[in-house]
Amino acid sequence: MDSAKIFGFDEKLLSLAEKAEENITGKFKEIENITRFNQTKVLKAFTDNKTAETDLWGTTGYGYSDAGREKADKIFAQIFGAEDALIRYDFACGTHTLTVALFGILRPGDTVISVAGRPYDTICPVIGMDGREGKGSLSDFGVNYGQIDFTPDDEIDFKAIENRFKNGSFVKMAYIQRSRGYSLRHSLSAAEIGKICDVVHSVSPDTVVFVDNCYGEFAEKTEPTEVGADLIAGSLIKNPGGAIAKKGGYIAGRKDLVKLCSYRMTAPSLGSEVGASVGANRDIIMGLFNSPHVVGEALKTAVFTSELFRLLGYKTLPMPDDERHDIVQAVLLENRENLISFCRGLQAGSPVDSYLTPEPWDMPGYDSQVIMAAGTFTSGSSIEISGDAPLREPFAVWMQGGINFDSARVAVLSAANEVVKRKIN
């Protein structure tokens, strides 16, 4: 008997779910292979750095000589093939972490070029795009912005990148958003990012290649800093927090760049030497250890969602058999009503706040109403089962996460059940 019958789902839907799982057994094996590799790599970093119980303790006040904080930085740097790292609860969210990195590196008169199209909605005000200056954006401080879009075939425009970075006008930073954001372009593989790094550095060696790595950590066996990226950043309530870290973010890469970011995080005279952990070290270190396994479960959830909704007749991106470079799964639901139904069903199948009904709202940082389903133990945690979307064309939902596949499967079935019921009615 399908255990999901406990929730009273339609028999036809459960049969379709069984068929979906049969179709993706090979893909699950691929994911398990990646998970095992990454979990082993993480364990090696923990043992190499002699992680101790005392590292899990915290400090107060200034936080000088916080052994656990410093150990977490070393472990993270080794895992990601970086010279140095800052992994901190001081970062409020992913957008804040990316902002610290951008302002840490860029100076008045500098130019930053986004080489993978338009950035995520919440980064646009940070840059000062679309007339949103005047709030302390990069534009307010005299930083120039440019953009190279994907080709019509959804490919990185390597020729345009080469031409732009060798044209004689120095560009301080090449900005890469690895995940798709609220778009339908593909997420970037480590190999693609490595090629971008090669192209940029070959014609402009001093340009900093900075990767927004959100949603991509541990989705592959290789990370951007292992293929030429100078700097990466992300959120701890996404992949690398392992559903244990309650907040925070990380910046990792070249030692000199990480140091500049640390000055922006605290103050130029202080950098990474201060910042009491006040009990956060255990969450950060344990979450990092747990993260490869949790990311594997999230990838399985994404593949299952893609195949189930494909069988239901909806377009899904990535497709079930596609290579995956992040945990995000897009489902094109055709209209506003289906989109809302999906999010409400996903919420109803979540372990926390399942009784609440998601409603579209004017979320800060977005230019249209957004609906979010997130019945999570940590508010807004994207590595737990969650789904969100702006209420605009193409009426796609972007779903991510799943602490464990068996529970997340039920949430996905709950979302599908609501969409199917609405279609019937």
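This text goes with the structure placed above it.
Keep in mind the model is a prediction, meaning the values are calculated, not measured.

Draft legend 1. The overall build of the protein chain, seen in detail. A tally of helices and strands in the protein chain yields eleven helices and twelve strands. For 425 residues, the compact-globule estimate of 2.2 N^0.38 gives 22 Å, and the protein chain sits close to it at 21 Å. Projected onto its principal axes, the C-alpha coordinates of the protein chain cover approximately 65 × 50 × 40 Å. With 425 residues in all, the protein chain has 58% of them scored as buried. Contacts in the protein chain between residues at least 24 apart in sequence constitute 70% of all its contacts with a sequence separation of at least 6. Taken as a whole, the protein chain presents about 17,400 Å² of accessible surface, with 52% of it coming from carbon and sulfur. On the protein chain, the mean spot of the 45 positive side-chain charges and the mean spot of the 57 negative ones are 1 Å from each other.

Draft legend 2. Quick look at the side chain of Asn239. If you trace the backbone, Asn239 turns up in the loop between β6 (231-235) and β7 (249-253). Contact partners of Asn239, with chain neighbours within four places excluded, come to Tyr215, Gly216, Glu217, Ser291, Val295, Ile327 and Ile383.

Draft legend 3. Region of interest: the sheet that holds β7. Overall, mixed pairing links the seven strands, which are arranged β1-β7-β6-β5-β4-β2-β3 in an open sheet. Each of the sheet's edge strands pairs with one partner strand only, and the pair in question is β1 (84-88) and β3 (144-147). With strand direction ignored, the average angle separating the axes of adjacent strands in the sheet is 15°. In the sheet, strand β2 (residues 111-114) pairs with strand β4 (residues 173-177) via three bridges, with the strands oriented parallel. Bridge pairing in β4 places Ser114 opposite Tyr175. Where helix α8 (residues 255-265) meets the sheet, its contacts fall on β1, β5 (208-212), β6 and β7, and the angle it forms with β1 comes to roughly 30°.

Draft legend 4. Summary view of the sheet that holds strand β10 (residues 370-373). Spatially, the five strands line up as an open sheet ordered β8-β9-β12-β11-β10, and their pairing is antiparallel. The two strands at the open ends of the sheet, each matched to only one other strand, are β8 (315-317) and β10. On average, each strand axis in the sheet is inclined to that of its neighbour by 20°, with strand direction left out of account. One ladder, built from four bridges, connects β10 with strand β11 (residues 386-390); its direction is antiparallel. Residue pairing across strands places Ala373 opposite Gly387, the latter belonging to β11. Each of β8, β9 (329-332) and β12 (396-400) touches helix α9 (residues 281-311); the most contacted strand, β9, lies at about 15° to it.

Draft legend 5. How the structure looks around the pattern of salt bridges. Counted according to the given criterion, the structure contains 22 salt bridges. The closest approach of N and O atoms between Arg178 and Glu220, which form a salt bridge, is 2.9 Å. Taken as a pair, Arg178 in the loop between β4 and α7 (190-203) and Glu220 in the loop between β5 and β6 lie far apart in primary sequence, 42 residues in all. Exposure remark for Glu220: the relative accessible area of 15% places this residue in the buried category.

Draft legend 6. Region of the structure containing the packing of aromatic side chains. Evaluation of the coordinates by the stated rule reveals 15 aromatic pairs. Chaining the aromatic ring pairs together yields one cluster made of Phe76, Phe80, Phe218 and Tyr250.

Draft legend 7. Seen up close, the nonpolar core. Ranked by internal contacts, the top residues of the largest apolar core, which has 101 residues, are Leu308 and Phe309. The greatest single-element share of this core, amounting to eleven residues, is contributed by α9. Apart from residues no more than four positions distant in its own chain, Phe309 is found in contact with Tyr314, Thr316, Val331, Leu333, Phe342, Val412, Ala415, Ala416 and Val419. Core analysis: the second largest hydrophobic core is formed by 28 residues, Val112, Ile123, Met129 and Met173 among them.

Draft legend 8. Representation of the packing of helix α2 (residues 25-48) against α9 in the model. Relative orientation of the contacting elements α2 and α9 amounts to 175°, with a least axis distance of 10 Å. By the angle class used here, α2 and α9 are roughly antiparallel. The residues of α9 that touch α2, namely those facing Lys27, Phe28, Ile31, Glu32, Thr35, Asn38, Gln39, Val42, Leu43 and Phe46, are Ile285, Leu288, Phe289, Asn290, Pro292, His293, Gly296, Leu299, Lys300 and Val303.

Draft legend 9. Region of the structure containing the side chain of Glu297. Mapping Glu297 onto the fold places it in helix α9. Overall, the relative accessible area of 12% leaves Glu297 in the buried class.

Draft legend 10. Quick look at the layout of surface pockets. Here the second largest pocket defines a volume of roughly 320 Å³. Lining the second largest pocket are 17 residues, with Asp73, Asp84, Lys255, Ser272 and Glu273 sitting closest to its centre. Residue assignment for the lining of the second largest pocket shows that the elements contributing at least two residues are α3 (67-79), β1 and α8. For the lining of the second largest pocket, a count of residues per class yields five nonpolar, three polar and nine charged.

Draft legend 11. Representation of the pairing of β2 in the model. Alternating residues of β2 divide into Thr111 and Ile113 and Val112 and Ser114, and every residue in both groups is buried. Of the pairings in the sheet, the one linking β2 to β3 comprises four bridges and is parallel in character. Note that in β3 the partner of Val112 across the bridge is Tyr145.

Draft legend 12. Representation of the packing of α2 against α3 within the structure. Between α2 and α3, the shortest axis-to-axis distance is 9 Å and the interhelical angle comes to 140°. As summarised for this structure, α2 and α3 are arranged oblique, according to the angle between their axes. In the packing of α2 onto α3, the handedness of the crossing is right-handed. On the side of α2, the interface is formed by Lys41, Val42, Lys44, Ala45, Phe46 and Asp48, while α3 contributes Ile75, Gln78 and Ile79.

Draft legend 13. How the structure looks around unusual backbone geometry. That bond from Leu317 to Pro318 is cis: its omega, 0°, falls within 30 degrees of zero. For Pro318, the position within the fold is in the loop between β8 and β9. Between Glu393 and Pro394 the backbone carries a cis peptide bond, its omega angle lying at 10°. Relative to the helices and strands, Pro394 is located in the loop between β11 and β12. Located in the positive-phi region is Phe218, a residue other than glycine, with phi close to 70°. Along the chain, Phe218 turns up in the loop between β5 and β6.

What counts and what doesn't
- Residues numbered from 1 in each chain as written.
- Predicted model: local features only at pLDDT ≥ 70, side-chain atom pairs only at ≥ 80, totals over all residues.
- Heavy atoms only, no water.
- Helix = DSSP H or I, 4+ residues; strand = E, 2+ residues; numbered from the N terminus.
- Rg over C-alpha atoms; globule rule 2.2 N^0.38 Å.
- Buried < 20%, exposed > 50% of the residue type's maximum accessible area, 1.4 Å probe, protein only.
- Contact = heavy atoms within 4.5 Å.
- Areas by Shrake-Rupley, 256 points an atom, 1.4 Å probe, with all protein chains shown as cover.
- Lys, Arg positive; Asp, Glu negative; His and termini not counted.
- Charge placed at Lys NZ, Arg CZ, Asp CG, Glu CD.
- Pairing = 2+ DSSP bridges.
- Axes fitted to C-alpha atoms, helices over the stretch in contact; angles between N-to-C directions.
- Salt bridge = Lys/Arg side-chain N within 4 Å of Asp/Glu carboxyl O.
- Phe/Tyr/Trp six-rings, centres within 6.5 Å; stacked < 30°, edge-to-face > 60°.
- Core = buried A, V, L, I, M, F, W, Y, C linked by side-chain atoms within 4.5 Å.
- Parallel < 35°, antiparallel > 145°, perpendicular 65-115°, else oblique.
- 1 Å grid on protein atoms, 1.4 Å probe; cavity = no way out; pocket = protein on both sides within 12 Å on 5 of 7 lines; lining within 4 Å.
- Points joined across faces, edges and corners; volume = space filled by probe spheres on them.
- Nonpolar A, V, L, I, M, F, W, Y, C, P; charged D, E, K, R; others polar.
- Left-handed = near helix turned anticlockwise from the far one by under 90°.

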